[in-house]
Amino acid sequence: MTDVSYVRTEMLQEKAPPVSQAGIIKWLRENMFSNIPNSILSIVALWAIYYVLSDVLPWAFKSSWNANSLGECRSAIAAAYGEGASGACWSVIHDRFLQLIFGFYPKELYWRPVLIFVLMFVAIAPVLFDGLPKKMLRFTMVYPFLAFWLLWGGSLWFPLMIIAGFVLGYLAFGVVSKMASSLVGMIAAVLVPILWWLFLSGDVATMLQSIIPLSIESVASDKFGGFMLSITIGVIGISLSLPIGIVLALGRQSDLMIVKVICVGFIEFIRGVPLITLLFVASTLLNYFMPPGTNFDLILRVIIMVTLFASAYMAEVIRGGLAALPKGQYEGADSLGLDFWQSTRLVIMPQALKISIPNIVSSFIGLFKDTTLVSIIGLLDPIGLSTNIRANMEWNGVIWELYGFIALVFWLFCFSMSRYSMYLERKLQTGH
Amino acid sequence: MSTITDPVQGGFRISMLLYDTRYRSMTIQVIALIGFLLAIGWLFGNAAQNLAALGKPLNFSFLGDTAGYDINQRLIEYNSQMTHGRAAVVGLLNTLLVAVLGCITATVIGVLVGIMRLSKNWIISKIMTVYIETFRNVPVLLWIIMTMAIFIEVFPKPSDFRGADAVASMKLFESVAVTNRGIFIPSPVFGSGSMAVIAVFILSIVGIFVFGRWAHKRQDETGQILPTFWIKLGIFFIPSIIVFYVMGQPISLEYPELKGFNFKGGFHMRNSLIALWFALSLYTAAFIAETVRSGIQAVSKGQTEAAAALGLRPGRITSLVVLPQALRVIIPPMISQYMNLTKNSSLAIAVGYMDITGTLGGVTLNQTGREMESLMILMAIYLTISLTISTVMNVYNERVKLRER
């Protein structure tokens, strides 16, 4: 009797999954053709993409990069790709590239804005990354003045005198709060620098300048333009608005009725009107509010208004951060016996600011986009320049290439910042 | 009952204003108020002095002067012989027009895009992501100006429509003319008897509401559900169409026609209006889409699952469980997007659409030289609009707030 029982001793080879259940086909079936309406939608979408790309890609690549006018460019494309071919005239970007970036800033001084732009990353690095040494924050504090001096040029003594004002305020606070109370110290810390800047700093700077001349070639404001102008206004606006916004947000949260009313009124007023009306105020009215005879330059006025505008939004962002803090933090700080400023400085603000960083970044994106509005009051930001270029004989009639380029640059800036803020949001999420 | 706090010893001393927490807040407030008033006084003192020196003290009577400029886009009667005040009203109406139009289209596009972005269809959701990221990250002013430039440069001239071998032709069954001077669409002409059609139409809308309430009540009492959507759709269309034909088609369309150098007849939508409307809607829709998406995602999955466990069908889960909860999250940021759209509509000045910024803050300001007064009124108007919208938002928030414990 032979044994017919059979026991398999080794494993069978795995079978390949059915074609419809693996790889790209499975993925396609699940994600694009799961049912009939979805399939129709997918096909329509694919056709639309093909339709757009089949028009745009040849246009973008059958292009001309070196021509001095639109007519020349069109004929170059016709010569290269046959009569009737429509291609992009990227030569307008090639022709006006430096202008779109720097405006009319003197060519031999381009290194100054470039240097400042690079240094900007050094300055904001310690704010954004925890790992870096805290000493770098000192450079961050000096950076605004350095940037101002390098961009506008002129005597080094003026920014130094402005720094001196802050130092004086700090000293005044230390001295007076020892002698009297910290409240009096605060008042002194505000009053002393204001008096210094209003009455003394100008003369002292002029005097020092005549003794030790330390100056570089100055550049007039009307030479500023292009993306440099947008970035300048945006960065100055956002960095100045941060301290003002913090003060406004604290004022809005405070129990002091009058302070609260002033802050709420300011915030709601600024947020209620469009930026363009504030820019009109900058261009037509702001000089009226200054003592008779004062006349300061348009970019400075625009920066003042943009800063006010940004601080109202910043105040709301920071208020959101303050509100998001658990109540236990406030109570814990109180129970340690810290007074208001101590608890704000040591406990509340560090956490609130950390929570609000993503929103600060997105309000910066908003502000950066809003800087284009200055073209309406006649400043030559990229959009103002584009109007100029299109009004020019050589480039009259160019649309897609020019606007496409400007849009692309804005998009790159804003998109990367928004991705960064999303990354931060994930990183800062300490919840569960 | 014994008191815990010690009575104040020795009465009030001046130094208590600084050191005693009971009085210190008063001191701070008084100092803040004085500082604030000083600053305001200084600013306005300067302004008064400067304006007096220029010989134009604050005076609003220029609003009654003859404007002397034309506004091509107007909702109410206006000509150049009318006053600056009237021009400002025309501008305000134009602002509201583009704001309302923009809000409607932005909402429709935004909601659609937001929902499609969550679609399981990979390619659709990617396309929507591309749309959202493209529009959100480029300044709205650039969109407005670019749209305007494209309208002017790319669309055919009215003269291209002329002749047998015309380069351009009218779209949609020869009814719409898209030209570089604007878009001409047919306009309705109301003949005799059209009032009856309109009345029936209004009545049927009222009927829809009445029916909806009745159906709701019936469902509460008997538990039976009617196919309300289809019945409502029927009430919306059928009576009006019947009356329309019974009355002998009293409402007809007037088609635009090429006469001379331009199209005549029909309704002329100017480039500036359309460019502004189009760009603002697409830009704001990208933001609204994000709001809608995050609102829908904010409804926890447990809610959907619980509703499914109760035996609700997918459509009803969406309409009865997910949407009401999502709307609570969606509507506040949506309203602030409406506010942003209204404020952004002031960019009309870049394409020459005469909104309130273009009339009062533009031509009137330049002609009369009354910067202070014009801008004060302009800001007051925008502030009123914004505060009205935010009041509405607060009322809504109060109504839908979760009542916890």
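Draft legend 1. Representation of the overall build of chain A. Across its full length, chain A carries 16 helices and 2 strands. For a compact globule of 432 residues, the expected C-alpha radius of gyration is about 22 Å, and chain A comes in at 30 Å, more than 25% above that figure. Sequence-distant contacts, at least 24 apart, represent 68% of the contacts inside chain A between residues at least 6 apart.

Draft legend 2. Region of the structure containing the overall build of chain B. Helices and strands together make up the secondary structure of chain B, namely 13 helices and 7 strands. Dimensions of chain B, computed from the C-alpha atoms along their principal axes, are close to 100 × 75 × 45 Å. Within chain B, the proportion of its 405 residues that are buried is 29%. For chain B, contacts bridging at least 24 residues in sequence account for 66% of all contacts bridging at least 6.

Draft legend 3. Layout of the pairing of strand β2 (residues 182-185) of chain B. Residue and element names in this part refer to chain B. Judged from the 3 bridges that link them, strand β1 (residues 177-179) and β2 form a sheet pairing that is antiparallel. Considered in β2, the bridge of Ala-177 is made with Phe-184. In sequence, β1 turns back onto β2 through a hairpin of 2 residues.

Draft legend 4. Quick look at the interface of chain B and chain A. In this complex, chain B contributes 51 residues to the contact, which on the side of chain A involves 47 residues. Every element with two or more residues in the side of chain B that touches chain A is listed here: α1 (16-19), α2 (21-53), α4 (122-136), α5 (140-154), α12 (356-368) and α13 (371-400) of chain B. Sorting elements by how many residues they give to the side of chain B that touches chain A places α2 of chain B first, with 15 residues. Considered class by class, the residues forming the side of chain B that touches chain A number 33 nonpolar, 12 polar and 6 charged.

Draft legend 5. Examining the domain arrangement of chain A more closely. The assigned domain composition of chain A is domain 1 (23-58) and domain 2 (154-216). Computed over C-alpha atoms only, the centres of domain 1 of chain A and domain 2 of chain A are separated by 66 Å.

Draft legend 6. Looking closely at the environment of Asn-359 of chain A. All names here are of chain A. Relative to the helices and strands, Asn-359 resides in helix α14 (residues 340-370). Distance from Asn-359 to Gly-321, taken between C-alpha atoms, is 9.1 Å for residues 38 residues apart in sequence. Excluding its chain neighbours within four sequence positions, the residues that come into contact with Asn-359 are Val-317 and Gly-320.

Draft legend 7. Broad picture of the packing of helix α3 (residues 84-117) of chain B against α12 of chain B. Residues and elements named next belong to chain B. As a packed pair, α3 and α12 sit with axes 7 Å apart at the nearest point and diverge in direction by 155 degrees. As the angle between them shows, α3 and α12 are arranged roughly antiparallel. Facing His-84, Ala-87, Ala-88, Val-90, Gly-91, Leu-92 and Thr-95 of α3, the residues of α12 in contact are Ile-356, Gly-358, Thr-359, Leu-360, Thr-364 and Thr-368. Tallied by class, residues from the contact of α3 with α12 come to 6 nonpolar, 7 polar and no charged.

Draft legend 8. Structural context of the nonpolar core. Counting 141 residues, the largest nonpolar core has Leu-279 of chain A together with Leu-142, Ile-144, Ile-145 and Leu-276 of chain B as the members making the most contacts within it. Here the element with the most residues in this core is helix α9 (residues 271-298) of chain B; it accounts for 16 residues. Sequence-distant contacts of Ile-145 of chain B, that is, excluding residues within four places in its chain, are made with Ile-383 of chain A together with Ala-350 and Val-351 of chain B.

Draft legend 9. Expanded view of the confidence of the model for chain B. Of the residues in chain B, 94% have a pLDDT of 70 or more, and the chain-wide mean is 85. Confidence metrics for the complex model read pTM 0.86 and ipTM 0.87.

Draft legend 10. Quick peek at α9 of chain B. For α9 of chain B, with 28 residues, the first-to-last C-alpha span of 40 Å sits near the 40 Å given by 1.5 Å per residue. Taking burial as the measure, the 28 residues of α9 of chain B include 23 buried ones, the bulk of the element.

Draft legend 11. Region of the structure containing the packing of helix α5 (residues 111-128) of chain A against helix α6 (residues 136-152) of chain A. All names here are of chain A. Between α5 and α6, whose axes approach to 9 Å, the crossing angle comes to 160 degrees. The orientation of α5 relative to α6 falls into the category roughly antiparallel. Along this stretch, α5 crosses α6, giving a crossing that reads as left-handed. Contact residues: Arg-112, Pro-113, Leu-115, Ile-116, Leu-119, Val-122, Ala-123, Ala-125, Pro-126 and Val-127 in α5; Met-136, Leu-137, Phe-139, Thr-140, Tyr-143, Ala-147, Leu-150 and Leu-151 in α6.

What counts and what doesn't
- Residues numbered from 1 in each chain as written.
- Chains lettered and ligands numbered in written order.
- Predicted model: local features only at pLDDT ≥ 70, side-chain atom pairs only at ≥ 80, totals over all residues.
- Helix = DSSP H or I, 4+ residues; strand = E, 2+ residues; numbered from the N terminus.
- Rg over C-alpha atoms; globule rule 2.2 N^0.38 Å.
- Contact = placed C-beta atoms within 7 Å.
- Buried ≥ 20, exposed ≤ 12 C-beta atoms within 10 Å, placed from the backbone.
- Pairing = 2+ DSSP bridges.
- Nonpolar A, V, L, I, M, F, W, Y, C, P; charged D, E, K, R; others polar.
- Domains from an automatic or database assignment.
- Axes fitted to C-alpha atoms, helices over the stretch in contact; angles between N-to-C directions.
- Parallel < 35°, antiparallel > 145°, perpendicular 65-115°, else oblique.
- Core = buried A, V, L, I, M, F, W, Y, C linked by C-beta atoms within 7 Å.
- pLDDT = per-residue confidence, 0-100.
- Expected span 1.5 Å × (residues − 1).
- Left-handed = near helix turned anticlockwise from the far one by under 90°.

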